[in-house]
Amino acid sequence: MFEQIRKIGWLVVEAALLIVVLCVLLNILLGSQSGSFIAGVAANALNFLKDVPPGTFLGVVLLLFIYWMFKSRKS
């Protein structure tokens, strides 16, 4: 049961991340015609990335990459 909850949790996180990335890409492609929701999500994502110190962001990305590499070699 714990394994199913963990898998569903990761699915939700991946879906949310894909939605944010899609909104940012649509905002880049469509510009001012992208709509208020897409523009709002893109603005929030960009403001978040501006406020996070570069070292922290790089550290999180490296940790996620190491986790992904370890997970792919283990299975």
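All of these numbers come straight from a predicted model, not from anything done at the bench. (Residues numbered from 1 in each chain as written. Predicted model: local features only at pLDDT ≥ 70, side-chain atom pairs only at ≥ 80, totals over all residues. Heavy atoms only, no water.)

Draft legend 1. Highlighting the overall build of the protein chain. Counting its regular elements, the protein chain contains 3 helices and 0 strands. Order of helices (α) and strands (β) in the protein chain, N terminus to C terminus: α-α-α. For a compact globule of 75 residues, the expected C-alpha radius of gyration is about 11 Å, and the protein chain comes in at 16 Å, more than 25% above that figure. Taken along its principal axes, the extent of the C-alpha atoms in the protein chain is 45 × 30 × 20 Å. Taken across its 75 residues, the protein chain has 11% of its residues classed as buried. Approximately 6,600 Å² of the protein chain is accessible, and the part contributed by carbon and sulfur atoms is 76%. (Helix = DSSP H or I, 4+ residues; strand = E, 2+ residues; numbered from the N terminus. Rg over C-alpha atoms; globule rule 2.2 N^0.38 Å. Buried < 20%, exposed > 50% of the residue type's maximum accessible area, 1.4 Å probe, protein only. Areas by Shrake-Rupley, 256 points an atom, 1.4 Å probe, with all protein chains shown as cover.)

Draft legend 2. Spatial organisation of the side chain of Ser34. Following the sequence through the fold, Ser34 ends up in the loop between helix H1 (2-30) and helix H2 (36-51). Among the polar contacts listed, one links the side chain of Ser34 to the side chain of Asn27, at a separation of 3.2 Å. Within the structure, the side chain of Ser34 is placed 2.9 Å from the backbone oxygen of Gly31, a separation counted as a polar contact. When sequence neighbours within four positions are dropped, the list of residues in contact with Ser34 reads Leu26, Asn27 and Ala39. (Polar contact = N/O pair within 3.5 Å; in protein donor to acceptor, adjacent residues only side chain to side chain. Contact = heavy atoms within 4.5 Å.)

Draft legend 3. Geometry of the packing of aromatic side chains. For the structure on display, the rule yields 2 aromatic pairs. Ring geometry for Trp10 versus Tyr67: centroids 6.3 Å apart, planes at 15°, classification stacked. Of this pair, Trp10 sits in helix H1 while Tyr67 sits in helix H3 (residues 54-74), and the two are 57 residues apart along the sequence. Where Phe65 meets Trp68, the ring centres are 5.9 Å apart and the plane angle is 40°; that geometry is what we call tilted. Of the two residues, Phe65 and Trp68 both sit in helix H3, 3 residues apart, roughly one turn of that helix. For Phe65, a relative accessible area of 47% puts it in the partly exposed group. On the basis of relative accessible area, Trp68 is assigned to the exposed category, the value being 52%. (Phe/Tyr/Trp six-rings, centres within 6.5 Å; stacked < 30°, edge-to-face > 60°.)

Draft legend 4. Structural view of the pattern of salt bridges. The final tally for this structure, using the stated rule, is 1 salt bridge. Here Glu3 ties to Arg6 by a salt bridge, and the two come within 2.5 Å at their closest N and O atoms. Of this pair, Glu3 and Arg6 both sit in helix H1, 3 residues apart, which is roughly one turn of the helix. By relative accessible area, which is 38% here, Glu3 ends up partly exposed. (Salt bridge = Lys/Arg side-chain N within 4 Å of Asp/Glu carboxyl O.)

All quantities given are derived from atomic positions and should not be read as evidence of function.
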